[in-house]
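A look at the structure
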Amino acid sequence: MHEPPSLPTAPAQEPRVRPFRALCACTTSACITSACIAPTRLPGRFAALGLSSVSPGSTAAAPSRPPPRRSHAHSAGSRPPRQGRAAEMAAQKINEGLEHLAKAEKYLKTGFLKWKPDYDSAASEYGKAAVAFKNAKQFEQAKDACLKEAVAHENNRAYLFNLWKCLFHAAKAYEQAGMMLKEMQKLPEAVHLIEKASMMYLENGTPDTAAMALERAGKLIENVDPEKAVQLYQQTANVFENEERLRQAVELLGKASRLLVRGRRFDEAALSIQKEKNIYKEIENYPTCYKKTIAQVLVHLHRNDYVAAERCVRESYSIPGFNGSEDCAALEQLLEGYDQQDQDQVAEVCNSPLFKYMDNDYAKLGLSLVVPGGGVKKKAAAPPQAKPEGTAAPAAEDEEDEYAGGLC
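Given the structure is predicted, the values throughout are model-derived calculations rather than measurements. (Residues numbered from 1 in each chain as written. Predicted model: local features only at pLDDT ≥ 70, side-chain atom pairs only at ≥ 80, totals over all residues. Heavy atoms only, no water.)

Time to look at the overall build of the protein. If you tally the helices and strands in the protein, you get 17 helices and 2 strands. Scored against the burial criterion, the 408 residues of the protein give a buried share of 35%. Sequence-distant contacts in the protein: of pairs separated by 6 or more residues, those separated by 24 or more amount to 54%. Split by element, the accessible area of the protein, about 26,900 Å² in all, is 54% carbon and sulfur. (Helix = DSSP H or I, 4+ residues; strand = E, 2+ residues; numbered from the N terminus. Buried < 20%, exposed > 50% of the residue type's maximum accessible area, 1.4 Å probe, protein only. Contact = heavy atoms within 4.5 Å. Areas by Shrake-Rupley, 256 points an atom, 1.4 Å probe, with all protein chains shown as cover.)

Summarising the element assignment, Asn156 is placed in helix α4 (residues 139–156). What makes Asn156 buried here is its relative accessible area of 5%. When neighbours within four sequence positions are excluded, Asn156 is seen to be in contact with Tyr119, Asp120 and Cys166.

All right, on to the nonpolar core then. Counting 87 residues, the largest nonpolar core has Val297, Val299, Leu301, Leu331, Leu334, Phe355 and Leu369 as its most contacted members. If we skip the residues at most four places from it in the chain, Leu369 touches Leu298, Leu301, His302, Leu334, Tyr338, Gln343, Val346 and Cys350. (Core = buried A, V, L, I, M, F, W, Y, C linked by side-chain atoms within 4.5 Å.)

This part covers the packing of aromatic side chains. Remark: the centre distance and the inter-plane angle together describe each pair of aromatic rings, the angle taken between the planes. Inspection of every chain in the model, using the stated rule, returns 4 aromatic pairs. Ring geometry for Phe168 versus Tyr201: centroids 5.6 Å apart, planes at 55°, classification tilted. A residue pair is termed long-range when its members are at least 10 positions apart, and Phe168 in helix α5 (residues 163–183) and Tyr201 in helix α6 (residues 187–204) qualify at 33 residues. On the accessibility criterion, Tyr201 (0% relative accessible area) is buried. With centroids separated by 6.2 Å and ring planes inclined at 5°, the aromatic side chains of Tyr306 and Tyr338 adopt a geometry described as stacked. (Phe/Tyr/Trp six-rings, centres within 6.5 Å; stacked < 30°, edge-to-face > 60°.)

Here we take up the confidence of the model for the protein. A residue-level look at the protein finds 70% of positions with pLDDT of 70 or above and a mean pLDDT of 78. Counted against residues more than four places away or in other chains, residues 19–49, with its pLDDT under 50, gives 32 contacts. The model gives residues 71–77 a pLDDT under 50, and that stretch makes 1 contact with residues more than four places away or in other chains. (pLDDT = per-residue confidence, 0-100.)

What follows concerns unusual backbone geometry. We note that Glu244 has phi near 60°; this positive angle belongs to a residue other than glycine. By secondary structure assignment, the location of Glu244 is in the loop between α8 (226–242) and α9 (246–262). By relative accessible area, Glu244 is classed as exposed at 69%. For Glu284, which is not glycine, the phi torsion reads 65° and is therefore positive.

Between helix α11 (residues 286–302) and helix α12 (residues 306–316), the least distance of the axes is 7 Å, while the angle of their chain directions is 165°. Judged by the inter-axis angle, α11 sits roughly antiparallel to α12. Both α11 and α12 take part in a crossing whose hand is right-handed. Of α12, the residues touching α11 (which contributes Thr293, Gln296, Val297, His300 and Leu301) are Tyr306, Ala308, Ala309, Cys312, Val313 and Ser316. Class assignment for the residues of the contact of α11 with α12 results in 7 nonpolar, 4 polar and no charged. (Axes fitted to C-alpha atoms, helices over the stretch in contact; angles between N-to-C directions. Parallel < 35°, antiparallel > 145°, perpendicular 65-115°, else oblique. Left-handed = near helix turned anticlockwise from the far one by under 90°. Nonpolar A, V, L, I, M, F, W, Y, C, P; charged D, E, K, R; others polar.)

Evaluation of the coordinates by the stated rule reveals 16 salt bridges. For Glu140, the salt bridge identified is with Lys143, shortest N-O distance 3.2 Å. Of this pair, Glu140 and Lys143 are both found in helix α4, 3 residues apart, which corresponds to roughly one turn of the helix. Classification of Glu140 as partly exposed rests on a relative accessible area of 35%. For Asp267, the salt bridge goes to Arg303, with nearest N and O atoms at 2.6 Å. Taken together, the positions of Asp267 in helix α10 (residues 266–282) and Arg303 in the loop between α11 and α12 put the pair 36 residues apart, joining distant regions of the chain. What makes Arg303 partly exposed here is its relative accessible area of 31%. Residues joined in a network through salt bridges with shared partners are Glu140, Lys143 and Asp144. (Salt bridge = Lys/Arg side-chain N within 4 Å of Asp/Glu carboxyl O.)

This part takes up the environment of Leu214. Residue placement: Leu214 occurs in helix α7 (residues 207–221). Considered as a pair, Leu214 and Val191 are 23 residues apart in the sequence and their alpha carbons are 8.5 Å apart. The contacts of Leu214, once residues within four sequence positions are left out, are Glu195, Ser198, Leu232, Gln235 and Thr236.

What follows is the structure, encoded as structure tokens:
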């Protein structure tokens, strides 16, 4: 048979070896030259393939070294230290504040064609200066700028029909000045300015803002001058009560009562607690009325006024649910132990969870309560016992025998 002609076959080609691409030892660029292959990272791969990491005809390259680190001093784009940046920003803010002050003074000047100062623009610039000084931690200059802003707003009232707006902004500036004094730890001066601002808020017709300012002032001065804080809390309560916001008012009265108890001013504390009790009764929060009765009894007993404490419990019987409550039973037991001078019974009642989990100041009153007389229990008078007739008759006979023979 005739064999078909064989097709020409292509010559066998050796497999093309793809050149290996690796990072150069100098870490500047990627190349494929055998001299630049970094041998330090590839020994494992070449060993797994049975190859050498050094190309033929080339000598072993020295192990590559990482580039030296550049310090901040030698780096061209190094940033300045944190303290240096803060000082630079503070200086920038101070310069900004001084510029605003200069603009404000310019607005206040008058001339041939400018007959009256521009208080509105000056107050705006003073406010911006105060913000800049505050950001720069220059609280003294910020306070002065706030006071100047307040004066500018007050002077602006004579030239504008919208007097209430100027009054409100003046009060806000006085309050901000007070907060700057607070940052300077000048608390009495700060409270004085905040009180002034609250009076202006009331005059402006915004009693809510006035009450919040007074409460803030009370919190500032509470640890330094508790008596002043009590006065501020009571003023705040009066403002809320006039606005018929009784829940906020009774909360502030509670703060004042606790401060009075803490200062051992029990006469004023009793009146303050009674006012709290009346408001809670008005808003029909009867369980809290029970707790306020307990606090009131403890205060009266610390005043050594048992009659007032008993009257307080007797008046509370008119509160719905008090007669059969746990509070009523505990108070009756407490008054009984106090009247009988039984210190153990009083201590047992005051250490009960009902008394221990009250407000901290009232719980301390219960733990420190001491009955009069040093805790010596009163002894009840024993009823006269009837003596047997046989023992009483001889006594009478002896008495008759004594005088039977006469006095001589």
